[in-house]
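# Structural characterization, general
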Amino acid sequence: MGGPCAYLAVTMLPTDPARLTHLQRLEAESIHILREVAAEAERPVMLYSVGKDSAVMLHLARKAFYPAPPPFPLLHVDTTWKFRAMYDLRDRMARESGMELLVYRNPEAEARSINPFDHGALHTDLWKTEGLKQALDKYGFDAAFGGARRDEEKSRAKERVFSFRSANHRWDPKNQRPELWNLYNAMKSKGESIRVFPISNWTELDVWQYIQLNDVPIVPLYFAAPRPTYEWEGQLFMADDEARLERVLGRKLPITERSIRFRTLGCFPLTGAVESEAATLTDVIRETLLTTTSERQGRVIDKDAGGAGMEKKKQEGYF
Amino acid sequence: MTAYTPDALIADDIEAYLAQHQNKSLLRFITCGSVDDGKSTLIGRLLFDSRTIFEDQLASLEADSRRVGTQGQEIDFALLVDGLAAEREQGITIDVAYRFFSTERRKFIVADTPGHEQYTRNMVTGASTADLAVILIDARKGVLTQTRRHSYLAHLVGIRHIVLAVNKMDLVGYDRATFDAIVADYREFAAKIGIGEFTAIPLSGFRGDNVAGASENTPWYAGPSLIEHLESVEVDAARDAAGSFRMPVQWVNRPDLDFRGFAGLIAGGVVRPGDRVRVLPSGKVTSVARIVTLEGDLPQAVAGQSVTLTLADEVDCSRGDVIAAADAPPEVADQFEATIVWMADEELLPGRAYWLKLGTQTVSATVQAPKYQINVNTLEQLAAKTLELNAIGVATIATDRRIGFEPYEASKTLGGFILIDKLTNATVAAGMLNFALRRSQNVHWQATDVTRETRIALKNQQPAVLWFTGLSGAGKSTIANLVEKKLARMNRHTFLLDGDNVRHGLNKDLGFTDADRVENIRRVGEVARLMTDAGLIVITAFISPFRAEREMVRAMMAPGEFVEIHIDTPLAEAEARDVKGLYAKARAGALKNFTGIDSPYEPPEAPEIRIDTTAMTAEEAAELIVARLVP
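Residues numbered from 1 in each chain as written. Chains lettered and ligands numbered in written order. Predicted model: local features only at pLDDT ≥ 70, side-chain atom pairs only at ≥ 80, totals over all residues.

### Section: the overall build of chain A
On a plain count of helices and strands, chain A comes out with 10 helices and 10 strands. Looking at chain A as a whole, 50% of its 319 residues qualify as buried. Restricting the contact set of chain A to residue pairs at least 6 apart, pairs at least 24 apart contribute 76%. (Helix = DSSP H or I, 4+ residues; strand = E, 2+ residues; numbered from the N terminus. Buried ≥ 20, exposed ≤ 12 C-beta atoms within 10 Å, placed from the backbone. Contact = placed C-beta atoms within 7 Å.)

Below you can see the structure in the form of structure tokens.
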């Protein structure tokens, strides 16, 4: 074998016209979706969470509109509790893509210093759910791209690529528009908006492999490295901002350095780390494939309200 | 059971594994069946056998199985796939859910749809993107009404690979005779609806027999397991790539004045720089300059790829147009026969304008009352005035402008459409174009370099259609003839189309029924339009008794070009003259459908010129008309 990425010699270009690979077909489908929205929505926006799915979605958008920059801004609904490495990559990608970056923080959450330790579920509700609604209303966006995938969670498996929200952002799972072939109906009344999921049909492995084949920049936290960690309610977390942790908790936590990485990224006190030595993309993919627990397991959000947690959150307007 | 376990390769040689995964093709399929057929169980089994289920999911699955499962202490795979809370409570799958798994050779996307008749629209939705359909049958029950419905719907949306999955073989003791009888029964039915080939597999989703590998319980079955079969069938994308080049234009990319790219998903064929292409509906021909991507220009692109093309010439081309192979373009038309699946609670309103979206074109369209509705259980054709939720019917659709299209069986992209309610914005129907209604419109419009304007300038005159209408014997031909003589003397280029003369040639196949009279006038109108394009002053003398057809011809012409001249002679006067002896024959009953006698004449309400033949001579009438035309 010629080094860790020998198979990269196989490019994304089609070799046999009659046989596109599944990644080529997924890419084409996603680009088609991005262009349909740009053509039919009045004011589209791309929700950018800085995670790996967002990274792939942004890369697809750059491909879809090349040589022009994507004809919509990036919106980051911030909680102020993200990893510092995420803020760094966010600002870098906005520069490189030539897209406008809008950062929105819910003023009420900011004023009340809402944090994951003192406020539990309210943290997600105010910063993310309410913050997103406020941001969409403030700028008058009528279509918002999100990087959700159908393989992530059961209620997402049934959500359309174009998912409609009422004027108060609610999702009605029983009243979704039929979606046939690759024909998307983007028409809507005033006040209504659409959430659009261009990578609905991608799996976690597809996302990883696409990142590798296309050299898509991702936050280094996905790769294992020695990092300061603490334990909280039986899970392992990274002390990304020790001073702030101490300020909020009113005490110093015992910090240990461990080799860790993250399978998903969110607010650092809410995102569980895994102990790992996987320092390259190939290692990460191998670990992902050999793992025996599902990706979202590290997130607290799906476990509320029993088996229907995500579905309930989505009806209320969570992405 | 034989489970798919790629683990060894992942651990030992991750690069080889990734290379294998990277080169997998994609197959989309749909599973059709009811709750009782074990559909969710089969999908759960596919996910389980392909190691798409993680330990934490398995743990909660085991807990759920004991709590609400229907399989006693055994794992209830159905719980894995029933997503929404409402569904889990009712124990049925309401919507379309998409599942993902992959084997060593392929990645699969499964559309899981409900089986009951009230969910026909959901099944059609799931089937629209599928290459293959798995029709589930309970071995204990055999071919049922729902089996026929599912098969018909799968065939209707153009799925070419049908798998008859005879499930629950464990409950009939893996009995070969039972399986053979079901297959024979199904074959007879399938042939009736045009399904020529299908693959029948005896299996048990619950036990795993013949799902991933050959089962020891069915030694008499030599065919492939379900997964083996799914791995080997040809996907539709391969078939699309073999056709002629077509790309609906999604987006015109203009970052600056120097770059003008046309972005779209290639629906058929292959494209290379230098290829001659035609832009529809305009018909302009140019060639492809570049295939532009972020990674650099491509030497070729194929069906299924999203690309951006630049063209060699500055031709008009915008979203909704179709760029196609110049020598094999799709048809362009505005009237179609279509098969329609109604998907809304509010029924179809024939004559109402809906938005029709096909490819990237959105146009206004009206649907006529259905020719018939299809009973999806018996496949009988029933008379219908409208289509209600989940009804399937065949009807004529007219669009407000010409669109590039192909029959659905040739191209799902250029033949499949949705209808959108203009008020509620809901997607109310999906449809498939069968064919364009008029043969004349199947012919592609050829753009010519010498234009109508050029020819008009050469003739140094304004073209017009002098449309004479009136009863038989009113004096139309006489006056028309005089008008043409006067214009010829003034060096005007004219052509007189006479009703009787045209019926000796162009229209000799037409009689005098209402339908034939309409067609007679339509053809004359088309000929007159061609002649005005040539720059001529056309004079026509036809009874043309119906207002609607005269208005149809008026609409064909440029504004102001159509001059309606009513040769107004009372019936009694025309009958008294009876130059050709026709009134006498009609009165005697020897001539049927004679205008004024047993077929109506609808006089013009506001003709440009009205000639009262009881008040002036033919010569005076001709003078008056020419004076109006050439002041």
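### Quick look at the overall build of chain B
When helices and strands are tallied, chain B shows 21 helices and 28 strands. Here chain B holds 631 residues, and 46% of them are scored as buried.

### So, unusual backbone geometry
Following Tyr-66 of chain A, the chain continues into Pro-67 of chain A via a peptide bond in cis, with omega recorded as 5 degrees. Here Pro-67 of chain A shows up in the loop between α2 (52–65) and β2 (74–77). A cis amide bond links Leu-280 of chain B with the next residue in sequence, Pro-281 of chain B, at an omega value of 5 degrees. The residue Pro-281 of chain B is located in the loop between β11 (276–280) and β12 (284–292) in this model. Phi is positive for Lys-168 of chain B, which is not a glycine, with a value near 65 degrees. Looking at the element boundaries, Lys-168 of chain B is found in the loop between β5 (161–167) and α9 (176–192). Phi at Asn-460 of chain B takes a positive value of approximately 55 degrees, unusual for a residue other than glycine. Mapped onto the elements, Asn-460 of chain B comes out in the loop between α14 (452–459) and β24 (464–469). By C-beta crowding, Asn-460 of chain B is classed as exposed, having 10 other C-beta atoms within 10 Å.

### With respect to helix α8 (residues 145–156) of chain B
Residue and element names in this part refer to chain B. Helix length check: α8, at 12 residues, gives a terminal C-alpha distance of 16 Å against a target of 16 Å (1.5 Å per residue), a fit within 8%. Of all 12 residues that make up α8, 9 are buried, and the element is covered over most of its length. Among the residues of α8, Gln-146, Thr-147, Arg-148, Arg-149, His-150, Ser-151, Tyr-152, Leu-153 and Ala-154 are the ones counted as buried. Tucked into the core, α8 has its buried residues touching β1 (25–32), α7 (120–127), β4 (132–138), β5 and α9. Just beyond α8, the residue with positive phi is Gly-158, at close to 85 degrees. (Expected span 1.5 Å × (residues − 1).)

### Thoughts on the sheet that holds strand β14 (residues 306–311) of chain B
Residue and element names in this part refer to chain B. One open sheet accounts for 7 strands, arranged β7-β15-β11-β12-β14-β9-β8; its pairing is antiparallel. Because the sheet does not close on itself, it has two edges, and the strands there are β7 (246–248) and β8 (251–253). Pairs of neighbouring strands in the sheet enclose a mean axial angle of 40 degrees, with direction left out of account. Two strands pair when backbone bridges link them, and β11 and β12 are joined in this way by 4 bridges, in the antiparallel orientation. Counterpart to Val-279 in the pairing with β12 is Lys-284. (Pairing = 2+ DSSP bridges. Axes fitted to C-alpha atoms, helices over the stretch in contact; angles between N-to-C directions.)

### Regarding the domain arrangement of chain A
Residue and element names in this part refer to chain A. The assigned domain composition of chain A is domain 1 (22–216 + 309–316) and domain 2 (220–300). Here domain 1 and domain 2 have C-alpha centroids that lie 24 Å from each other. If you look at the interface, domain 1 gives 20 residues, while domain 2 gives 19 residues. Secondary-structure elements contributing two or more residues to the side of domain 1 that touches domain 2 are α3 (84–97), α5 (116–119) and α7 (204–214). At 5 residues, α7 tops the list of elements feeding residues into the side of domain 1 that touches domain 2. (Domains from an automatic or database assignment.)

### What about the UniProt feature "binding site: ATP" (unreviewed entry) in chain B?
Residues and elements named next belong to chain B. Under the UniProt annotation, "binding site: ATP" (unreviewed entry) lies at Gly-470, Leu-471, Ser-472, Gly-473, Ala-474, Gly-475, Lys-476 and Ser-477. When you line up the elements, Ser-472 lands in the loop between β24 and α15 (476–489). For Ser-472, the residues in contact, after removing those within four places along its chain, are Ile-543, Ala-574, Leu-582 and Thr-595. Along the chain, Ala-474 falls in the loop between β24 and α15. Among all residues touching Ala-474, those that are not within four sequence positions of it are Ile-567, Thr-569, Ala-574 and Thr-613. (UniProt positions renumbered as here; feature names shortened; annotations may be inferred.)

### Remarks on the packing of α7 of chain B against α8 of chain B
All names here are of chain B. Their axes nearest at 9 Å, the elements α7 and α8 cross at an angle of 45 degrees. As summarised for this structure, α7 and α8 are arranged oblique, according to the angle between their axes. Crossing of α7 against α8: the hand is right-handed. In this structure, α7 uses Thr-120, Met-123, Val-124 and Ala-127 to contact α8, whose residues at the interface are His-150, Leu-153 and Ala-154. Split by residue class, the contact of α7 with α8 holds 5 nonpolar, 2 polar and no charged. (Parallel < 35°, antiparallel > 145°, perpendicular 65-115°, else oblique. Left-handed = near helix turned anticlockwise from the far one by under 90°. Nonpolar A, V, L, I, M, F, W, Y, C, P; charged D, E, K, R; others polar.)

### Here we look at the sheet that holds strand β4 (residues 143–145) of chain A
All names here are of chain A. Across the sheet, which stays open at both edges, the 6 strands sit in the order β3-β2-β1-β4-β6-β5 with mixed pairing between neighbours. Single-partner strands in this sheet number two, and they are β3 (101–104) and β5 (162–165). The sheet shows a mean angle of 30 degrees between the axes of neighbouring strands, direction not considered. Sheet topology note: the β5/strand β6 (residues 193–196) ladder contains 4 bridges and is antiparallel.

### Quick notes on the nonpolar core
The nonpolar side chains of a soluble globular protein tend to be buried, and buried together. In terms of nonpolar packing, the biggest core is built from 200 residues, with Met-46 of chain A together with Ala-133, Ile-135, Ala-165 and Val-166 of chain B touching the most fellow members. Not counting residues up to four positions away in its chain, the partners in contact with Met-46 of chain A are Met-57, Leu-58, Ala-61, Phe-72, Leu-74, Leu-75 and Phe-145 of chain A. Ranked by size, the runner-up nonpolar core spans 35 residues in total, among them Phe-468, Leu-482, Ile-543 and Ala-574 of chain B. (Core = buried A, V, L, I, M, F, W, Y, C linked by C-beta atoms within 7 Å.)

### Remarks on the pairing of β2 of chain A
Residues in a regular strand point their side chains to alternate faces of the sheet. Residue and element names in this part refer to chain A. Here β2 shows a buried face lined by Leu-74 and His-76 and a second buried face lined by Leu-75 and Val-77. Here strand β1 (residues 44–47) pairs with β2 via 2 bridges, running parallel. From the neighbouring strand, Leu-47 faces β2, where its bridge partner is Leu-75. You can see the chain leave β1, run along α2 and come back into β2, and the turn it takes is right-handed. With 4 bridges joining them, β2 and β3 adopt parallel strand pairing. Across the sheet, residue Leu-74 finds its bridge partner in β3, namely Leu-101. Regarding the hand of the β-α-β motif, the stretch spanning β2, α3 and β3 is right-handed. (Right-handed = clockwise from strand over helix to strand, strands pointing away.)

### Observations regarding the environment of Ser-282 of chain B
Within the secondary structure layout, Ser-282 of chain B lies in the loop between β11 and β12. In sequence terms Ser-282 of chain B and Leu-27 of chain B are 255 residues apart; their C-alpha atoms lie 36 Å from each other.

### Section: the environment of Ile-625 of chain B
All names here are of chain B. Here Ile-625 shows up in helix α21 (residues 618–629). Spatially, the C-alpha atoms of Ile-625 and Ile-479 are 9.3 Å apart, while their sequence positions differ by 146 residues. Excluding residues within four positions of it along the chain, Ile-625 makes contact with Leu-466, Val-483, Ile-565 and Ile-609.

### Remarks on the packing of helix α1 (residues 22–40) of chain A against α2 of chain A
All names here are of chain A. Two elements in contact, α1 and α2, have axes whose closest approach is 9 Å; the angle formed by their N-to-C orientations is 75 degrees. Considering their axes alone, α1 and α2 lie roughly perpendicular with respect to each other. Judged by residue contacts, Glu-27, Ser-30, Ile-31, Leu-34 and Arg-35 of α1 engage Leu-60, Ala-61, Lys-63 and Ala-64 from α2. Partitioned by chemical class, the residues of the contact of α1 with α2 number 5 nonpolar, 1 polar and 3 charged.

### Some thoughts on the pairing of strand β17 (residues 353–358) of chain B
Residues and elements named next belong to chain B. Relative to strand β18 (residues 361–367), β17 is paired through 6 bridges, and the arrangement is antiparallel. Paired with Tyr-354 across the bridge in β18 is Ala-365. What sits between β17 and β18 in their antiparallel hairpin is a turn of 2 residues, with Gly-359 showing a positive phi close to 60 degrees. Both β17 and strand β22 (residues 416–420) contribute to a ladder of 4 bridges, which runs antiparallel. Counterpart to Trp-355 in the pairing with β22 is Ile-420.

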